[in-house]
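Chain by chain, the residues run as shown.
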Amino acid sequence: MSRQELTEVTTSQDVKSSEKKKSLSIQELIESLKSTADDIGQISELSSEERILVSQFFVSFLKLMKPLAPSIAVNQLAFPPQLSDTVQAHVDPTGHLALLFTDGHLELKDLSEEKNRDLMMIVISDILPKFKNLTAFQKRKLESRIKMLSSVTKEIQKSAEALSVSTV
């Protein structure tokens, strides 16, 4: 084989190889785009489900927390670095996080908003054990009041009966 023939064969093989790579690349690209479209569809469905769950969570949280406390303190050490200058934080029954910063300014964040979902998860993880303590405290307080009222009521009823008997 002459040098020119060898060059032509090599060039021909390179073109075929290049075309094969292009067709594989195009096929791979199309598959990748299809997979991406599937992922986007799932992200949309998951986002919709998350919105519903967040809404239901805060409706329930409001119902449970409102009679117990106006707010729950949040440990600012749990916050991400961009909130490291927070000196005090509280979440209220409606899901609003009040943040007090070292420079004295106050910021209010709605934890139900999509942009605050990661922060919402941090806050929920921090306050749920505190919420449990709050409900246990409320239960003990009610039990104590009931015990006292029960004893006092029995004595008042006895006195009332004695008074009723003596006036008859």
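Residues numbered from 1 in each chain as written. Predicted model: local features only at pLDDT ≥ 70, side-chain atom pairs only at ≥ 80, totals over all residues. Heavy atoms only, no water.

1. Points about the overall build of the protein
When helices and strands are tallied, the protein shows 2 helices and 4 strands. Secondary structure elements of the protein occur, N-terminal to C-terminal, as α-β-β-β-β-α. The buried share among the 168 residues of the protein stands at 19%. Summarising the internal contacts of the protein: among those between residues at least 6 apart in sequence, 43% fall at separations of at least 24. A total accessible area of about 12700 Å² is found for the protein, and carbon and sulfur atoms account for 59% of it. (Helix = DSSP H or I, 4+ residues; strand = E, 2+ residues; numbered from the N terminus. Buried < 20%, exposed > 50% of the residue type's maximum accessible area, 1.4 Å probe, protein only. Contact = heavy atoms within 4.5 Å. Areas by Shrake-Rupley, 256 points an atom, 1.4 Å probe, with all protein chains shown as cover.)

2. Points about the side chain of Thr86
Mapped onto the secondary structure, Thr86 falls in strand S2 (residues 86-91). Accessibility expressed as a relative area gives 6% for Thr86, which makes it buried. Polar contacts involving the side chain of Thr86 include one to the main-chain carbonyl oxygen of Leu83, which spans 2.7 Å. Once residues within four sequence positions are removed from consideration, Thr86 is found in contact with Gln76, Phe79, Leu99, Leu100 and Phe101. (Polar contact = N/O pair within 3.5 Å; in protein donor to acceptor, adjacent residues only side chain to side chain.)

3. Observations concerning the nonpolar core
Ranked by internal contacts, the top residues of the largest apolar core, which has 20 residues, are Val74, Phe79, Val91, Leu97, Leu111 and Val123. Counting residues per element, the ones that place at least two in this core are helix H1 (3-65), S2, strand S3 (96-101) and helix H2 (117-167). The element contributing the most residues to this core is H2, with 6 residues. Those residues in contact with Phe79, other than ones at most four positions away along the chain, are Val74, Thr86, Ala89, Leu97, Leu99, Leu119, Ile122 and Val123. (Core = buried A, V, L, I, M, F, W, Y, C linked by side-chain atoms within 4.5 Å.)

4. A word on the pairing of S2
Two faces belong to every sheet, and in a regular strand the side chains alternate between them. Relative to S2, strand S1 (residues 72-73) is paired through 2 bridges, and the arrangement is antiparallel. Across the sheet, Ala73 pairs through a bridge with His90, a residue of S2. Two strands pair when backbone bridges link them, and S2 and S3 are joined in this way by 5 bridges, in the antiparallel orientation. Of the residues in S3, the one forming a bridge with Thr86 is Phe101. Hairpin connection, S2 to S3: the antiparallel pair is bridged by 4 residues, and Gly95 has positive phi, about 90°. (Pairing = 2+ DSSP bridges.)

5. A word on the pairing of strand S4 (residues 106-110)
Here S3 pairs with S4 via 5 bridges, running antiparallel. Across the sheet, the residue bridging to Leu99 is Glu107, located in S4.

6. Thoughts on the sheet that holds S2
Two modes of strand pairing occur in sheets, parallel and antiparallel, and in both the strands are linked by backbone hydrogen bonds. Spatial ordering of the open sheet is given by S1-S2-S3-S4, a layout of 4 strands whose pairing is antiparallel. Strand pairing shows two members of the sheet lacking a second neighbour, S1 and S4, which therefore form its edges.

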